Amino acid sequence: MEVKKVVVAGGGVLGSQIALQSAYKGFDVTLWLRSEGSIERTRPKLERLRGIYKQSLEALKTDPRAYCPGLTDSPDVPLDRLDDLIAQVDVAFDGLVLTTGYDEAFGDADLVIEAIAEIVDEKAAFYDAIKDVLPERTILCTNSSTLLPSALAGHTGRPDRFLALHFANNIWKQNTAEVMGTADTSPASYQVVVDFAKAISMVPLELKKEQPGYLLNSMLVPFLSAAEALLANDVADFETIDEAWTLGTGAPLGPFRILDVVGLTTAYNIVAANPAAKEPGSTAARIAELLKQRIDEGKTGINAGEGFYKYD
């Protein structure tokens, strides 16, 4: 099967990135969003990403350190080719279709990538709503950060064509795509998704079996949770915790800078799913409370201009 039409459901931090990257690589891309309000909130994210893509390509003209593997095959690109790629970003951006309609989005989809909130009931309801609209051929992927695809497969109506495709943040730079099937995923569907990941300049990381959190988040979520616990238990402020990590390891970002990039809503949904978060006074409950307070204040992360830190 050849993938031509890609639909991304959800315009959050990763949904918007997946959509623009796929369009930049030549695919016909539609973004499905829940409401007109969601569309209006997604447009600035896409505009910001367009600027980042163009600035990164422009910077590569004079500085090979600006190389992003999702944007070019190598840092050695002729100047006229870089100009073509910069123009290609605008073509990709202008070609994106944003819609709330089920038939318009999913009626002719080859590949659907679900990137909605990390809440089981919301994902299940979404799959229930689209399963009769999708063509028989459509392969459906979840970009869930921590949920197992087998927990959702029964809602899709196509367990043999359902699997997980998980991207790291800043996919034009950190160009990994973790591919994780279930016991029911067909080898053919799995291979189509691996090939698609390669086609949008990702490095497909193939998992042999299901694992909550895949590879990256199996390591990242405990790290971020440990930092959140230090803050929630008032061991230190978030700036000091970040400084301990960056100075002690040489890492460019501390855990709270990373949380701003990931988005505080995703972090909140992950901790809220922990049964311990319902126990008053528990560390998980305190983490959920401090995240929820910032979210309610509109401080959801870098895309909002402020999370734990403020951004231009």
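Structure shown above.
Rules used throughout
- Residues numbered from 1 in each chain as written.
- Predicted model: local features only at pLDDT ≥ 70, side-chain atom pairs only at ≥ 80, totals over all residues.
- Heavy atoms only, no water.
- Helix = DSSP H or I, 4+ residues; strand = E, 2+ residues; numbered from the N terminus.
- Axes fitted to C-alpha atoms, helices over the stretch in contact; angles between N-to-C directions.
- Parallel < 35°, antiparallel > 145°, perpendicular 65-115°, else oblique.
- Left-handed = near helix turned anticlockwise from the far one by under 90°.
- Contact = heavy atoms within 4.5 Å.
- Nonpolar A, V, L, I, M, F, W, Y, C, P; charged D, E, K, R; others polar.
- Expected span 1.5 Å × (residues − 1).
- Core = buried A, V, L, I, M, F, W, Y, C linked by side-chain atoms within 4.5 Å.
- Buried < 20%, exposed > 50% of the residue type's maximum accessible area, 1.4 Å probe, protein only.
- Polar contact = N/O pair within 3.5 Å; in protein donor to acceptor, adjacent residues only side chain to side chain.
- Arc of directions from axis to C-beta.
- Phe/Tyr/Trp six-rings, centres within 6.5 Å; stacked < 30°, edge-to-face > 60°.
- Lys NZ or Arg CZ within 6 Å of the ring centre and 35° of its normal.

*Asks:* Please provide a residue-by-residue account of the environment of D80, values included.
*Replies:* Within the secondary structure, D80 sits in helix 3 (residues 79-95). The spacing of D80 and E306 is 226 residues in sequence and 37 Å in space, taken between C-alpha atoms.

*Asks:* If you had to explain the packing of helix 10 (residues 264-272) against helix 11 (residues 283-296) to someone new, which residues and values would you point to?
*Replies:* Where helix 10 meets helix 11, the axes come as close as 9 Å, and the angle between the chain directions of the two elements is 150°. Classed by the angle they form, the pair helix 10 and helix 11 counts as roughly antiparallel. Handedness of the crossing formed by helix 10 with helix 11: left-handed. When helix 10 is examined against helix 11, the residues L264, T265, A267, Y268 and V271 are found in contact with a partner set consisting of A284, I287, A288, L291, K292, R294 and I295. When the residues that make up the contact of helix 10 with helix 11 are grouped by side-chain class, the tally is 9 nonpolar, 1 polar and 2 charged.

*Asks:* Just give me the short version of helix 7 (residues 216-232), but keep the residues and values in it.
*Replies:* The periodicity of an α-helix, 3.6 residues per turn, causes residues three or four places apart in sequence to face the same way. For helix 7, spanning 17 residues, the distance from its first C-alpha to its last is 24 Å, which sits close to the expected 24 Å at 1.5 Å a residue. Against strand 6 (162-167), helix 8 (238-249), helix 9 (255-262), helix 10 and helix 11 lie the buried residues of helix 7. Looking one or two residues past helix 7, D234 carries a phi angle of roughly 60°, positive in sign.

*Asks:* Describe the nonpolar core, listing the residues and the values that go with them.
*Replies:* It is characteristic of soluble globular proteins that their nonpolar side chains tend to be buried jointly. Among the nonpolar cores identified, the biggest contains 50 residues, and L165, F167 and F196 are the most heavily contacted of them. With sequence-adjacent residues up to four places away left out, F167 is seen in contact with L14, I18, N143, T176, A177, I200 and M202. Membership of the second largest hydrophobic core comes to 24 residues, among which are F256, A288, L290 and Y309.

*Asks:* Mind laying out the side chain of T138, listing which residues take part and the relevant values?
*Replies:* As for its placement among the helices and strands, T138 is situated in the loop between helix 5 (120-130) and strand 5 (139-142). Residue classification places T138 among the buried positions, given a relative accessible area of 0%. Engagement of the side chain of T138 in a polar contact is seen with the backbone oxygen of A109, the distance being 2.6 Å. Setting aside residues up to four positions removed in sequence, T138 forms contacts with A109, D110, L111, V112, R158 and R161.

*Asks:* Can you break down helix 3 residue by residue, with the values?
*Replies:* Under the 1.5 Å per step criterion, the end-to-end length of helix 3 is 25 Å for 17 residues, consistent within 8% with the ideal 24 Å. Among all positions in helix 3, only L82, L85, I86, V89, A92 and F93 are buried. All buried residues of helix 3 lie within an arc of 115° about the axis, which places them on one face of the element. Every exposed residue of helix 3 that faces more than 90 degrees away from the buried side is listed here: D80, V91 and D94. The inward-facing, buried residues of helix 3 contact helix 1 (13-24) and helix 2 (36-59).

*Asks:* Lay out the packing of aromatic side chains with the relevant residues and their values.
*Replies:* Centre distance and the angle of the planes are the two values used to describe a pair of aromatic rings. The tally for this structure, following the rule as stated, stands at 15 aromatic pairs. Each ring, one from F106 and one from F126, has its centre 5.7 Å from the other, and the planes form 65°; the classification is edge-to-face. In this pair, F106 sits in helix 4 (residues 102-106) while F126 sits in helix 5, placing the two residues 20 residues apart along the sequence. You can call F106 buried: its relative accessible area is 0%. Ring-pair connections join several aromatic residues into one group, and the members of that group are W32, Y102, F106, F126, Y127 and F162. Lying across the ring of F93, R50 places its NZ or CZ 3.9 Å from the centre. Between the NZ or CZ atom of R257 and the centre of the ring of Y309, over which it lies, the distance is 3.6 Å.

Any functional reading would require information that these geometric values do not contain.
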